[in-house]
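Geometric and topological summary
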Amino acid sequence: MISKKTTLFIGIFGGIIFLLALYATQIGLCAVVNQSCSEFFDPITENLIPFLPLFILSLITFKMRDEVYRTWFRFARWWIPFSIMLIFISPEYSVDQMFRIEKGSVALLTSALFSTISLIIVTWKYSVTRKK
């Protein structure tokens, strides 16, 4: 079991790398005219989107009881690698106009599902442990 601190630091580290990759051209990591910069940083950004909700939710659970964190972490420890794998194997561009399955939409969907399910788990477990 990973401690609360370690989870928080992983979330911070992943969130910082996500933000650096997202704003690479604005902060001067590469020249604005360099096309290969976006080709390099866009896949990194798409694959690291799940670390933003991980950071926010690990920050929320940091001050809560250990039971709440353990329950949420049991869900998060398999969801984050699963969502990164789904994002990684999804196609770069969609060929079907009806069902647009591509990296960006998969990343957004898995992050939204992770956030929603995690908030439900944390709220439920917090209310159960509070009644004790």
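Before reading further, recall that the structure is shown in the block above.
These lines cover the structure that appears in this document, whether it is placed above or below.

What counts as what
- Residues numbered from 1 in each chain as written.
- Predicted model: local features only at pLDDT ≥ 70, side-chain atom pairs only at ≥ 80, totals over all residues.
- Heavy atoms only, no water.
- Phe/Tyr/Trp six-rings, centres within 6.5 Å; stacked < 30°, edge-to-face > 60°.
- Helix = DSSP H or I, 4+ residues; strand = E, 2+ residues; numbered from the N terminus.
- Buried < 20%, exposed > 50% of the residue type's maximum accessible area, 1.4 Å probe, protein only.
- Core = buried A, V, L, I, M, F, W, Y, C linked by side-chain atoms within 4.5 Å.
- Patch = residues over 30% accessible without salt bridge, like charges linked within 9 Å, V, L, I, M, F, W, Y side chains within 5 Å.
- Areas by Shrake-Rupley, 256 points an atom, 1.4 Å probe, with all protein chains shown as cover.
- Salt bridge = Lys/Arg side-chain N within 4 Å of Asp/Glu carboxyl O.

Notes on the packing of aromatic side chains
As enumerated under the stated definition, the model contains 9 aromatic pairs in all. Here the aromatic rings of Phe-75 and Phe-114 are separated by 5.8 Å at their centres, their planes lie at 15°, and the arrangement is stacked. With Phe-75 in helix H4 (residues 66–89) and Phe-114 in helix H5 (residues 103–130), the pair connects residues that are 39 residues apart, well separated along the chain. Side by side, Phe-75 and Phe-114 carry an identical accessibility label, which is buried. An aromatic cluster is built from Tyr-69, Trp-72, Phe-73, Phe-75, Trp-78, Trp-79, Phe-82 and Phe-114, whose rings are joined through pairwise contacts.

Some points on the nonpolar core
Within the largest apolar cluster, 17 residues are counted, with the highest numbers of intra-cluster contacts made by Leu-54, Trp-72, Phe-75, Phe-114 and Val-122. At the level of secondary structure, the elements contributing two or more residues to this core comprise helix H3 (51–62), H4 and H5. If one sorts the elements of this core by residue count, H4 sits on top with 8 residues. Among the nonpolar cores identified, the runner-up in size contains 5 residues, and Ala-24, Cys-30, Cys-37 and Phe-41 belong to it.

Here we look at a nonpolar patch on the surface
A contiguous nonpolar surface patch, about 780 Å² in accessible area, is contributed by Phe-9, Ile-12, Ile-16, Leu-19, Leu-20, Leu-22, Tyr-23, Ile-27 and Leu-52. The dominant element in the nonpolar patch, judged by the number of residues it contributes, is helix H1 (residues 4–22), at 6 residues. Relative to the helices and strands, Leu-52 is located in helix H3.

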